Amino acid sequence: MPEQLIFAMEVFLNGLMAGVLYALVALGFVLIYKASGIFNYAQGVMALFAALTLVGIMEGQVPFSHLINAALGTDIHHFGWHVPGFVAILLTMGVMVILAWLVQKVVFRHLVGQEPIILFMATIGLAYFLEGFGDLMWGSEIKTMNVGLPQGMNLAIDEVTYGIFGYGFFIDNLDIVATVIAALLVVALVIFAQYTKQGRAMRAVADDHQAALSVGISLNFIWVMVWSVAGFVALVAGIMWGTKSGVQFSLSLIALKALPVLMLGGFTSIPGAIVGGLIIGVGEKLFEFAIGPMVGGATENWFAYVLALIFLVFRPQGLFGEKIIERV
Amino acid sequence: MFYREAGDFKTSYDADNQTFPIKFDRIGYYVALLVAFLVVPFMINDYWVNAIFLPFLIYAIAAIGLNILVGYCGQVSLGTGGFMAVGAYACYKLMTSFPEVNIFFHVILAGGITAIVGILFGLPSLRIKGFYLAVATLAAQFFLVWLFNRVPWFYNYSASGQISAPERTLFGVPVTGANTSAWATYLFCLVFLVLCALVARNLTRGMAGRKWMAIRDMDIAAEIIGVNPLKAKMTAFGVSSFFIGISGALFFAVYLGAVEVGEAFGISKSFLVLFMVIIGGLGSIFGSFAGAAFLVLLPVLLKNVLVGGLGWPTDTAAHLEFLIVGALIVTFLIAEPHGLAQLWRVTKEKLRLWPFPH
């Protein structure tokens, strides 16, 4: 087998793994969009915030220590304890639920019935707020996250592929774990949406707000729940990205990549988010591998957006989106 | 009592068609122009110009441009930073390739080039609508910034990858480069702002503006009553990008002097200008001014109070600024979705009667 093809295969596999991570962020978008029609730009920042909170709790940081130090002239940073990963994840989940409740209570309850674009702008405002809030609460320096996920090259795959092709593929253990977790998450979400009472209520709200309201479903509760679930997805995405590349501001920019993923897959489709993520992940890695060196590299910055743009011109609702019907 | 429309009779079509039909507005406009051109230049120094006036003037041009696209035509764009970069690099290439031509024309031409690029990236808006379009314009943002970063022709093969403005003069007075004086750069940008605002104001009152607003309110209905969506959307993208290109050219040549594209024209710039438009008021030229002034002044104010007054570290103050800007946007959207411009309209309503009850 020619060497180039083997390299391309490795790139393809790595692209699939990267795509799973994009899909994880995109999932959160789809959930909120389906249930409330809000295009939640803040999803990426929510992942960053969740990761910051998780690290902060694990390390026993004092929240707002910079602010307190600046205002009172004290010098406090840590409580001096370390919380085990599992407990910290539960606590962070609690924080995300409180956040979801606050977002619903303070912001979106007052914006019911506004145009979608106003809601979108509100989520951008929310993103800025959360970004400032997260940094103020936990400090903005780059943090390492370690919740016990395996990292580094997978030796088994390396050996097997070396045996077949005479060249060992480099595949990160973390990516494999991320793929497994993402698959579990999707299965769990599908089961939740199809077979539980709350899930059914959620689907009813997504179908028709007013009809759902008239059969006695509390919109407020469903929206808080959806934001909480999205917060949970953000937490998972935050853990994965945070372990991979450190908890830092660029995490919220990586989440921007989830937008073309959504456009490819369609805003309203959970399978679409997964397939779109895989296409974008594989596409940008292969493009960078094949064309990148010719045009100066770093094509990953824009390839996803341009691909989505060209794709949308031919199919405006995305791969799995509901057909857009326009009436006067 | 203080703001009156009554007793202001028009006796000719010209008078009826004035840019500011109400006498009070007209007087206010002339006074503002007089102050801006004849008083401010004598009172400012380098700090004021660099911290407040230049950013305000330049962002106001960009905000007017984006307001035409988002506020008047209803096409949400997140590519403002990329288009500003086009203006800056076009201006740079023109300045270095044709040094004998006046800088004034370079800036205008840079706007024209940006308009062409804007129309190119606006083409998908015929098929893609709403959020899909907003995300599609991100393609322009990331692609353009990457392009200027990677293709050495754009930065004249300089080793640092930066572009820096050579010295150019207007009527013998340097307006770009290292030896500028505060009043010259201020007046140079002010002239552009006044011209852009006048053009924008009159375009939006005229046929083009009405078509844009028809498309914004409901594009299918507009199409049925005879508005050509292709023309309307493309002119909106073109005019909007023209203004944004001018602001990008001024931002690079007059304000910063040297630019690294990813830093100066990144995605955060797109959001900043979008926020100016939202906070100022969608679909209002005055709102663009108000929004630009607000978001230029707020960080300066916060920095002076928190860092200068209370002695906090700069990074904490910067985070607090993020938090406050975000909270303000949400508050604005809840309390007054039409922004500062609407507040101004309400104030004028109140001033008509005040201090009398009826």
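Along each chain, the written sequence defines residue order, and numbers are assigned to residues from 1. The order in which chains are written sets their letters, starting at A; the order in which ligands are written sets their numbers, starting at 1. At least 70 in pLDDT is required for a residue's local features to be given in this predicted model, at least 80 for side-chain atom pairs to be given and counted, and no such filter applies to totals for whole chains, interfaces and linings, which use all residues. Side-chain descriptors were evaluated using all non-hydrogen atoms of the structure, hydrogens and water having been removed beforehand.

## Overview of the overall build of chain B
In plain terms, the rule: The secondary structure listing takes helices from DSSP runs of H or I that are at least 4 residues long and strands from runs of E that are at least 2 residues long, numbered from the N terminus. Summary of the burial criterion: residues with accessible area below 20% of their type's maximum are buried, those above 50% are exposed, and those between are partly exposed, where the area comes from a 1.4 Å probe applied to protein chains only. What makes two residues a contact is simply this: any of their non-hydrogen atoms within 4.5 Å. Charge assignment: positive for Lys and Arg, negative for Asp and Glu; neither His nor the chain ends contribute. The atom standing in for a charge is NZ when the residue is Lys, CZ when it is Arg, CG when it is Asp and CD when it is Glu.
Each helix and strand counted, chain B has 15 helices and four strands in total. Put simply, chain B has 358 residues, and 51% of those count as buried. Sequence separation of 24 or more characterises 74% of the internal contacts of chain B that already satisfy a separation of 6 or more. With 22 positive and 17 negative side-chain charges, chain B shows a separation of 6 Å between the mean positions of the two kinds.

## What to know about the interface of chain A and chain B
Interface size, as often reported, equals the accessible area lost upon joining of the parts. Short version of the rule: Once two parts are brought into contact, the accessible area they lose, counted with a 1.4 Å probe and summed over both, makes up the buried area. Polar contacts here mean pairs of N or O atoms no more than 3.5 Å apart (in protein, one a potential hydrogen donor and the other a potential acceptor; neighbouring residues in sequence count only if both atoms are side-chain atoms).
Between chain A and chain B, the residue contacts involve 55 residues of the former and 42 residues of the latter. When the two sides are added together, the surface that chain A and chain B hide from each other amounts to roughly 4,500 Å², 81% of it contributed by carbon and sulfur. Linking chain A to chain B there are zero residue pairs in polar contact (both at pLDDT 80 or more). Every element with two or more residues in the side of chain A that touches chain B is listed here: α3 (65–72), α4 (85–107), α5 (116–138), α12 (258–265) and α15 (303–314) of chain A. Here the element with the most residues in the side of chain A that touches chain B is α5 of chain A; it accounts for 16 residues.

## As for the nonpolar core
The criterion, for reference: Residue types Ala, Val, Leu, Ile, Met, Phe, Trp, Tyr and Cys, when buried and joined through side-chain atoms within 4.5 Å, form a set referred to as a nonpolar core.
Ranked by size, the top nonpolar core spans 219 residues in total, and within it F108 of chain A together with L250 of chain B carry the most contacts. Beyond its immediate stretch of four places on either side in the chain, L250 of chain B contacts I58, I61, V107, F188, C189, F192 and Y255 of chain B.

## What about the packing of helix α5 (residues 103–122) of chain B against helix α7 (residues 182–205) of chain B?
Residue and element names in this part refer to chain B. Definition in use: In this description, a line fitted to the C-alpha atoms serves as the axis of each element, helices being fitted only across the stretch in contact, and the angle between N-to-C directions of two axes falls anywhere from 0 to 180 degrees. Here the angle decides the label: under 35 degrees means roughly parallel, over 145 means roughly antiparallel, 65 to 115 means roughly perpendicular, and every other value means oblique. What makes a crossing left-handed is the near helix being turned counterclockwise from the far one by less than a right angle; a clockwise turn instead makes it right-handed.
Packing of α5 against α7 brings their axes to within 12 Å, and their N-to-C directions diverge by 45°. Here α7 runs oblique to α5, going by the angle between their axes. Like other packed secondary-structure pairs, α5 and α7 cross with a definite hand, here right-handed. Contacts from I103, F104, V107 and I108 in α5 reach F188, V191, F192 and L195 in α7.

## With respect to the packing of aromatic side chains
Spelled out, the test is: Two aromatic rings from Phe, Tyr or Trp, using only the six-membered ring of Trp, form a pair when their centres are within 6.5 Å; if the ring planes differ by under 30 degrees the pair is stacked, by over 60 it is edge-to-face, and anything between is tilted. By definition here, charges over rings are those cases where NZ of Lys or CZ of Arg is within 6 Å of the ring centre and within 35 degrees of the ring normal.
Summed over the entire model, instances satisfying the criterion amount to 37 aromatic pairs over all chains. Considering the side-chain rings of F104 of chain B and F192 of chain B, the 4.9 Å spacing of their centres and the 25° angle between planes classify their relative orientation as stacked. With F104 of chain B in helix α5 and F192 of chain B in helix α7, this pair connects stretches of sequence that are 88 residues apart. The exposure class assigned to F104 of chain B is partly exposed, which follows from its relative accessible area of 22%. In this structure F192 of chain B comes out as buried when scored by relative accessible area, which is 1%. One aromatic cluster is present, formed by F29, Y33, F39, Y41, F120 and Y128 of chain A together with F271, F275 and F322 of chain B through successive ring pairs. Sitting over the ring of W153 of chain B, K93 of chain B keeps its end group 4.0 Å from the ring centre.

## So, a nonpolar patch on the surface
Residue and element names in this part refer to chain B. Put simply, the rule reads: Patch rule: a residue counts if its relative accessible area is over 30% and it has no salt bridge; like charges are joined within 9 Å, and nonpolar side chains (Val, Leu, Ile, Met, Phe, Trp, Tyr) within 5 Å. Here, Shrake-Rupley sampling with a 1.4 Å probe gives the accessible areas, and only protein chains in the shown set may cover a residue. Take a side-chain nitrogen of Lys or Arg and a carboxyl oxygen of Asp or Glu: if they are within 4 Å of each other, that pair is a salt bridge.
Judged by side-chain polarity, I27, V31, L34, V35, L38, V39, F42 and M43 come together as a nonpolar surface patch covering roughly 810 Å² of accessible area. For V39, the position within the fold is in helix α2 (residues 23–43). For V39, a relative accessible area of 37% puts it in the partly exposed group.

## Some details on the environment of H78 of chain A
Residues and elements named next belong to chain A. On the secondary structure map, H78 appears in the loop between α3 and α4. Sequence separation between H78 and F221 is 143 residues; the distance between their C-alpha atoms is 36 Å. Those residues in contact with H78 that sit more than four places away from it in its chain are E59, G60, Q61 and V62.

## Digging into α15 of chain A
The condition that has to hold: A helix's residues, less one, multiplied by 1.5 Å, set its expected span.
Here α15 of chain A contains twelve residues, and its C-alpha end-to-end distance of 17 Å stays within 8% of the 16 Å for a straight helix at 1.5 Å per residue. Among the residues making up α15 of chain A, those that are buried are F303, A304, Y305, V306, A308, L309 and L312 of chain A.

## Focus on helix α8 (residues 207–217) of chain B
Residues and elements named next belong to chain B. To keep it simple, the criterion reads: Here, the arc refers to the directions that run from the helix axis to the C-beta atoms.
Among all positions of α8, only G209, W212 and I215 are buried. The buried side chains of α8 occupy one side of the element, clustering within an arc of 120° when seen end-on. In this structure, α8 carries M207, R210 and D217 as exposed residues pointing more than 90 degrees from its buried face. In this structure, the buried residues of α8 make contact with α3 (46–72), α7, α9 (219–224) and α10 (229–256).

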